[in-house]
Amino acid sequence: MEKDWWKKAVVYQVYPKSFQDSNADGIGDIRGIINHLDYLEDLGITALWLNPMYCSPGIDNGYDISDYEQIDPIYGSMKDMQLLIDEARKRGIKIIMDLVVNHTSDKHPWFIKSCQDRTNKYRDYYVWRDPVDGHEPNELQSTFGGSAWEFDSQTGQYYLHQFSKQQPDLNWQNSKLRQAIYKMMNFWIEKGIGGFRLDVIDLIGKNPDTMQMANGKDLHRFLQEMNQQTFGKKSLMTVGETWGATPEIAKLYSDPQRHELSMVFQFEHTQLDQQDGQGKWSIKPLNFYELKKVLNKWQVGLNPTGWNSLFWNNHDLPRAVSAFGNDQEYRVESAKMLAILLHLMKGTPYIYQGEEIGMTNCPVSSIDEVNDVESINMYHEKKNEGFNDNEIIRLINHRGRDNARTPMQWKGDQKYAGFSSQKPWLHVNPNYKTINVDDQLRDSNSIYNTYKELIDYRKKHLLVVEGSYSLVDTADDVYAYLREMDGQKLLVVANLSGKDQTLKLDYGVQQPWISNYNIEKINLNDYKLRPYEAFAVEIH
Ligand code: GLC
Ligand code: CA
């Protein structure tokens, strides 16, 4: 296997709970994924990142793992999982497992034993501290609200949880714990998987006493050790989730000389509609010029030693077309624009399930419709602070994680969008009648087919994978860049806004590879871009 195969890959993310239910219990499952492998092969993707399907009480939809080496029965069995790995391989698709090793579930046997007394051998698998003056050891806050410390009355100490209290943090300073994790990773590697997506990996070097949680001093040492003892010897792809990465930090992870990870997810562009430093629930309008600046900074900044991941959305973020485009009047145009802009950049692109058909956010009108632990905790916190229901629901509709988690929209003419024959675990977006896979497969002009074409260009032109990148000077709300290699030149232009824009570049009249307004020829010397218009042209 080619060592850097992932540089040429396009990754598709499946949120298994919402992809396809094969046994009529309203919950997506492994057989459901297998049933759609032909669809994914047709789209052209070559790797599949699966959100966690290990045994879990499901407090955080599988990110609270109680057994790393078993499949949760709601998703199927280990036999199903092996079948998925094998069937995917036959179609040229590698399976990327989600590795959640910053924390476990409080129902994991390690934690249950850790709680028994202060001297057992699992005590140090987790992070325990004495009370200070009868209170929490310090002010550390959980990402999901409230203190990051929970008191255990049986042993008289607090344990650390950066997420919900049912997700106790593992203690990476303990080498026995690290060895146990590597062993588990090798168990999965032996099954023939293609790699790992490493959940909140920048937190494992944490020091709760100094309150430095992300980018702790031992982080890179731990990753080098992990690399050496697990995936380093194989041609596996690894992508770390690193909310705290800057381009400089991202290069530390992804420089091949350092033997850490293939690449990381950075989130700077997904936070531009937040007020500075005030967290995800403080929203402001997106500024297109800022978006261009940030994406450009990462394209330039990771060169030449680092490698970018390219994505608009995932299971934690609002839908791409709702967050960055216009999910009403220009839904189709803006969804295609986002695809063209991102998929011709340098890096490995990721598609989140439903993005390829332009699925949108799914607004709710009451907290009773909300499933996500993060949104529910935030709701109660804000209620206590005196906010009214409407204000909080508005925030949830804008940024809540359920937006991305509603069931995949396969069919327009079946109840529950063809996701299941039974009432699904989370409501289906009512727009499935007009936004669904079936219709788009039949329409050669669909968003789906734009994605398919873009993936194909990446396969056929090494320029898209390896060509240099440079920004082209244009109006603020227009993003244009050049990719170049061995004399071949590709110009990508995207109007990020819903307003007309003028483009004047000295490149004459050219024929596009791809465009979202179906144009045959473009006079680049003087061109009027329509709302969200985008194209890519090879310059001759
Ligand atoms: C990551 C996951 C998210 C989860 C959190 C805690 O951010 O993507 O879904 O809630 O980690 O594991
Ligand atoms: Ca099911």
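The structure this text deals with has already been given above.
What you see is a predicted model, and the numbers here were worked out from it, not measured in a lab.

A. Quick peek at the overall build of the protein. A count of helical and extended segments in the protein gives 16 helices and 22 strands. Its C-alpha atoms give the protein a radius of gyration of 23 Å, within 12% of the compact-globule value 24 Å for 540 residues. The buried share of the protein, taken over its 540 residues, is 62%. Taken as a whole, the protein presents about 21300 Å² of accessible surface, with 46% of it coming from carbon and sulfur. Of the side-chain charges in the protein, 60 are positive and 74 negative, and the distance between the mean point of each set is 4 Å.

B. Layout of the site of ligand 1. Residues in contact with ligand 1 amount to 13 residues; listed here are only the nearest, Asp60, Asp199, Glu241, His315 and Asp316. Between ligand 1 and Asp60 there is a distance of 2.5 Å, counted from an oxygen atom to a side-chain nitrogen or oxygen. In the environment of ligand 1, an oxygen atom lies 2.9 Å from a nitrogen or oxygen atom belonging to the side chain of Arg401. Notes on ligand 1: free accessible area 310 Å², of which the protein chains cover 97%. Considering only residue class, the shell around ligand 1 consists of four nonpolar, two polar and seven charged.

C. Molecular detail of the pattern of salt bridges. Under the criterion given, the structure shown has 36 salt bridges. Among the ionic pairs, Glu248 bridges to Lys251, the shortest N-O distance being 3.7 Å. Remark: Lys251 and Glu248 occur in helix α7 (residues 247-254); sequence separation between them is three residues, near one turn of the helix. Looking at Lys251, the relative accessible area reads 18%, which means it is buried. Here Arg399 ties to Asp273 by a salt bridge, and the two come within 2.5 Å at their closest N and O atoms. Here the residue Arg399 occupies a position in helix α12 (residues 389-399), and Asp273 occupies one in the loop between β11 (263-265) and α8 (288-301), the gap between them amounting to 126 residues. We note that Arg399, like Asp273, is buried. Linked by salt bridges that have partners in common, Asp60, Lys280, Asp316, Asp372, Glu374, Arg401 and Arg405 make up one network.

D. Quick peek at the side chain of Asn313. Position of Asn313 among the secondary structure elements: in the loop between β12 (309-310) and α9 (320-324). Polar side-chain contacts of Asn313 include one of 2.8 Å to the backbone nitrogen of Ala320. For Asn313, the side chain forms a polar contact with the side chain of Glu355, separated by 2.8 Å. When near neighbours in sequence (up to four residues on either side) are disregarded, Asn313 contacts Gln13, Pro318, Arg319, Ala320, Tyr352 and Glu355.

E. Focus on the nonpolar core. Tyr12, Ile45, Leu48, Met81, Trp172, Ile181 and Phe196 are the most contacted members of the largest nonpolar core, which has 138 residues in total. With near-sequence residues (within four places) excluded, Trp172 lies in contact with Val101, Asn102, Leu177, Arg178, Ile181, Tyr182, Ile204, Phe222 and Met226.

F. Looking closely at the packing of helix α5 (residues 175-189) against helix α6 (residues 219-229). α6 packs onto α5 with a crossing angle of 40 degrees between their chain directions and a minimal axis gap of 10 Å. Classified by the angle between their axes, α5 and α6 sit oblique to one another. You can see that α5 and α6 cross each other, and the crossing is right-handed. Contacts between α5 and α6 involve Arg178, Gln179, Tyr182, Met185 and Asn186 from the first element and Arg221, Phe222, Glu225, Met226 and Gln229 from the second. A per-class count over the contact of α5 with α6 returns four nonpolar, three polar and three charged.

Conventions adopted
Residues numbered from 1 in each chain as written. Chains lettered and ligands numbered in written order. Predicted model: local features only at pLDDT ≥ 70, side-chain atom pairs only at ≥ 80, totals over all residues. Heavy atoms only, no water. Helix = DSSP H or I, 4+ residues; strand = E, 2+ residues; numbered from the N terminus. Rg over C-alpha atoms; globule rule 2.2 N^0.38 Å. Buried < 20%, exposed > 50% of the residue type's maximum accessible area, 1.4 Å probe, protein only. Areas by Shrake-Rupley, 256 points an atom, 1.4 Å probe, with all protein chains shown as cover. Lys, Arg positive; Asp, Glu negative; His and termini not counted. Charge placed at Lys NZ, Arg CZ, Asp CG, Glu CD. Near = heavy atom within 4 Å. Polar contact = N/O pair within 3.5 Å; in protein donor to acceptor, adjacent residues only side chain to side chain. Nonpolar A, V, L, I, M, F, W, Y, C, P; charged D, E, K, R; others polar. Salt bridge = Lys/Arg side-chain N within 4 Å of Asp/Glu carboxyl O. Contact = heavy atoms within 4.5 Å. Core = buried A, V, L, I, M, F, W, Y, C linked by side-chain atoms within 4.5 Å. Axes fitted to C-alpha atoms, helices over the stretch in contact; angles between N-to-C directions. Parallel < 35°, antiparallel > 145°, perpendicular 65-115°, else oblique. Left-handed = near helix turned anticlockwise from the far one by under 90°.

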